[in-house]
Amino acid sequence: MQNRETEMSRRSFLGKTGGLAVLVVAGGVTTVFADSKQSEQIKKNPQAYDWSQHDYVYLVDTDKCIGCGSCVRACQKENHVPPHRFRTWVERYVVSHDGHTHIDSPDGARNGFPPVVSDYNVAKAFFVPKLCNHCTHTPCVQVCPVGASYRTKDGLILVDEKRCIGCGYCVQACPYGSRFIHPELHVASKCTLCYHRITKGMLPACVQSCPVQARMLGDRKKNGDKVAEIIATSKVVRVLKPELLTEPNCYYKNLSKEVY
Amino acid sequence: MSPEIIGYSFPNDIHVTWSLMIAMYPYLTGLVAGAFMVSALYHVFGITALKPVSRLSLVTSFGFLLFATVPLLVHLGHPERSLNIVFTPNFSSAMAGFGFIYTAYFILVLFEIWLIYRKDIILLARRSRGIKRAFYACLALGVYDISEPALAVDHKTVTILAAIGIPLACFLHGYVGFIFGAIKANAWWSTPLMPIVFLFSAIVSGIALLILLYLVLMKFANKPIEPECVQALCQWEWLFIIVTVTLELLEIITLAYERSEAWMVIAPLLSNQLAFSFIGIQIVFGSLIPIILLGIVVLLRSLLTNPLRNTIAFIAALLLMMQVFTMRWNIVIGGQIFSKSMRGFRENYSPGLFEKEGILVALLIFLLPFVAIAVFQKLFPNLEPSSDHAQKVEAH
Amino acid sequence: MEHTKHIWRAVLIILLVPISYVVIHHIAVPESFGVYGHYRADSVKEFMDTPVIHGDRESCQSCHEKQNKELLANKAKGKHATVPCENCHDAVSFHVKPDSKTGELVKIEKMVIVRSYRLCAYCHEYLEARPNAFPQVKCKEHVISQDAEFSEEVCVKCHDPHNPSLKEEGKKDEGKKDAK
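Residues numbered from 1 in each chain as written. Chains lettered and ligands numbered in written order. Predicted model: local features only at pLDDT ≥ 70, side-chain atom pairs only at ≥ 80, totals over all residues. Heavy atoms only, no water.

Student: Could you clarify how one ought to interpret the overall build of chain B in this entry?
Tutor: A count of helices and strands for chain B gives 15 helices and 2 strands. Relative to a compact globule of 396 residues, whose C-alpha radius of gyration would be 21 Å, chain B shows 22 Å and is just as compact. Seen through its C-alpha atoms, chain B measures out along the principal axes to roughly 75 × 55 × 35 Å. Residue burial in chain B is summarised as follows: out of 396 residues, 60% are buried. The long-range share in chain B, meaning contacts at least 24 apart out of those at least 6 apart in sequence, stands at 79%. Carbon and sulfur atoms form 72% of the exposed surface of chain B, whose accessible area is close to 16,100 Å². In chain B, 24 positive and 21 negative side-chain charges are present, and the distance between their average locations comes to 8 Å. (Helix = DSSP H or I, 4+ residues; strand = E, 2+ residues; numbered from the N terminus. Rg over C-alpha atoms; globule rule 2.2 N^0.38 Å. Buried < 20%, exposed > 50% of the residue type's maximum accessible area, 1.4 Å probe, protein only. Contact = heavy atoms within 4.5 Å. Areas by Shrake-Rupley, 256 points an atom, 1.4 Å probe, with all protein chains shown as cover. Lys, Arg positive; Asp, Glu negative; His and termini not counted. Charge placed at Lys NZ, Arg CZ, Asp CG, Glu CD.)

Student: Looking at this structure, I do not really get the nonpolar core. What am I missing?
Tutor: One broad trend across soluble globular proteins is that nonpolar side chains are buried collectively. Within the largest apolar cluster, 154 residues are counted, with the highest numbers of intra-cluster contacts made by Y169(A), W18(B), F36(B), V109(B), Y117(B), F180(B) and W188(B). If one sorts the elements of this core by residue count, helix α1 (residues 20–43) of chain B sits on top with 18 residues. The next biggest cluster of nonpolar side chains, apart from the first, holds 59 residues, and it includes L156(A), I198(A), C210(A) and L127(C). (Core = buried A, V, L, I, M, F, W, Y, C linked by side-chain atoms within 4.5 Å.)

Student: Help me understand the interface of chain C and chain A in this model?
Tutor: Accessible area lost upon the coming together of the parts is a frequently used measure of interface size. Residue-level contacts link 52 residues of chain C with 67 residues of chain A. In total, chain C and chain A occlude about 5,000 Å² of area from one another, counting both sides; carbon and sulfur atoms represent 59% of this. Its largest share of buried area at the contact with chain A, chain C owes to Y36(C), F47(C) and M48(C), together 15% of the area lost on that side. The interface formed by chain C and chain A holds 3 salt bridges in total. (Buried area = accessible area lost by both parts, 1.4 Å probe. Salt bridge = Lys/Arg side-chain N within 4 Å of Asp/Glu carboxyl O.)

Student: Explain the sheet that holds strand β11 (residues 250–253) of chain A to me, please; I cannot follow it from the model alone.
Tutor: Backbone hydrogen bonds are what pair the strands of a sheet, in a parallel or an antiparallel way. Residue and element names in this part refer to chain A. Overall, mixed pairing links the 4 strands, which are arranged β9-β1-β11-β10 in an open sheet. Of all strands in the sheet, those bounded by a partner on one side alone are β9 (215–219) and β10 (237–238). Here strand β1 (residues 56–61) runs beside β9; their pairing, made up of 5 bridges, is antiparallel. Bridged to Y58 within β9 is L217. Contacting β1, β9, β10 and β11, helix α9 (residues 226–233) crosses the sheet at an angle of about 70° to β1. (Pairing = 2+ DSSP bridges. Axes fitted to C-alpha atoms, helices over the stretch in contact; angles between N-to-C directions.)

Student: Would you mind going over the environment of V92(C) with me for this structure?
Tutor: When you line up the elements, V92(C) lands in the loop between α5 (85–88) and β1 (96–98). When the C-alpha atoms of V92(C) and C60(C) are compared, they prove to be 7.5 Å apart, with 32 residues separating the residues in sequence.

Student: In this structure, what is going on with the packing of helix α8 (residues 193–221) of chain B against helix α9 (residues 227–258) of chain B? I would like to understand it.
Tutor: For any two helices packed against each other, the geometry is given by the interaxial angle and the distance between the axes. Residue and element names in this part refer to chain B. It is at 9 Å that the axes of α8 and α9 come closest, and there the two elements cross at 155°. As far as their axial angle goes, α9 and α8 are roughly antiparallel. The hand of the α8/α9 crossing is left-handed. Its residues assigned to classes, the contact of α8 with α9 comprises 20 nonpolar, 2 polar and 3 charged. (Parallel < 35°, antiparallel > 145°, perpendicular 65-115°, else oblique. Left-handed = near helix turned anticlockwise from the far one by under 90°. Nonpolar A, V, L, I, M, F, W, Y, C, P; charged D, E, K, R; others polar.)

Now the structure itself:
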């Protein structure tokens, strides 16, 4: 029942662009910036995307994640992610009563997780999906020497593949290990929250492929947005490595203290 | 293909993004800055004992400067876009200033060398014929003024340039340390001491290189080695290596004593993956032994014969060249051996011999500056300390 | 200032550096750079225009509504309602494409069908870290406990992948016969 409810809220998020409309008009969806000159055009074309009207947030509920790796596989296909590099991955934590923590993420959970035989009494065990945190004060954009990494008005961090010189400084600066150098394109690459999808009113591939709604996308600038509401009101929502003051926009619900 | 991982690494963290080339780069710029400091000691601080290496130090600095960017270009995913860094620099990035500082320093050193060699160039232009003459005339910019007042102007300008050059060289290299020191995500790099450690070890490597070059060049040219000069170089070297090692150890001792979060990864790092290169080479072989050797040269001065001093200085300088390189290596590679998960370590990292960013290419890049110095020496033969003497002879 | 001619000549040459910088800067920096911030604004557009690979949760409906009405209805009411079709099959854009002329969607490639138990195991193999409430089995033991022989494609013999519940009695026996 609960699942159904979330499902419904997704549908309303998708709005009228649901179904295959998007595929048919792929590329035909005009994307317009909130420029003074262009705001005219937005009025004419209701489908146009206005990035000043969005402020995306991401929420992961670690209690729900079943560690199936569907998100990782979907992400790899959607974004042509090269082998052994990850825009998103899932970690498994198996914690014993005396605090011993076993962590693994075999090939980023691209093929799910094999059973492990732990030789101790398991106190708790859980999965944690990870991805780019799209930090507000992100070190990766700060250190990019050429302005190839940037933050969009709707709150995402992107890398301009045509200007990146491939120095790798951003890879070093990201505290979350979310970036990598693309082995063929030789530029920095990372999660875009499927910018090509969300700007068309679709969900990121990882959110959509999650069979248990452990991953959710929200929008702070949308009235009554459920995800933004949870983040604002919940007491069990936190971010990773808060002490670094990067102000992530990716939040974790029910996150265990072992994770950072 | 994937490396052995101990503990848990973030899956993207198992790749060593900054390879041997990025260890080469601070090594080369360190030599640039260090060699320049030696010339500044003579030109600005009036350490006359260093006169025999005053030209050599500038030319060495320039020779390495010419190739300092090569390891970066080899490393970049898109070297053809490297100029983006000067045309659209993002000044919130520590790296963005690189192009400008490099260019400014390049111009400064070139200008200074030109002024110092101007008289030689003009004499060479007068002496030679044909294309050679045209070449030197071009270099003289068509002005053949070597009157006393003109040379006095040159001398004054050189002193000013050398004085400006000191902060610029410090900046050029200190900022390389800053690139590492200002990364809060990396426990091994993130410390305000980093630029200072880099700077001091740069001076150590610069002086060491000059000791080596001076001894070798004089030996091959069959010219007398000035004991005063070697002694002075050793004294300065001793001072700087002591300061450097103190800073290097201070940083680690502070982390260990504070039991900071960083120590959680640095302790295993130093006792496993870096045990050999840090404790063995950087501290014992590269620091302790040279400090003792140079201590002998400095403290037991009166007991040493010239050949003995030269031998000790040579060995100490070699070890120090190695020390500084391993220090760069331990910083650059060491910082990537542990994952930002703070719980995982790579087995270790060793570059391949023939890869694009491998050992062979690194050696080649390291040799290029020496070729440049040799070419320079061919074009302007007065690298040696006796240049004054030679010029006097010519003038007669 | 006598005897400084050579210095001025050198300074003049040095001045060529900033001048050429300004000139090249003019040519080398893309037009849209800096419109919204220190980056190339066109890059945002390029990201938006990247082709979509996966559809959304309704993208199979339009075509399969007619041919597989029962299947869709079955799935919608079963426990796998929340499992997207593309998780078990493949991304829709590998299967269909808009026709270049009419813009209508046409099938271009056979859709992947995975019958292996490994697919189910991604989600249902028993793992300590999975939430307890999530239905999970030790695949091999589960099959054997249901009096069947284990084989690669065994799961789908008892469970309908689109509506896997077997709690009702009739379905249960039917499946067992198939699996043997």
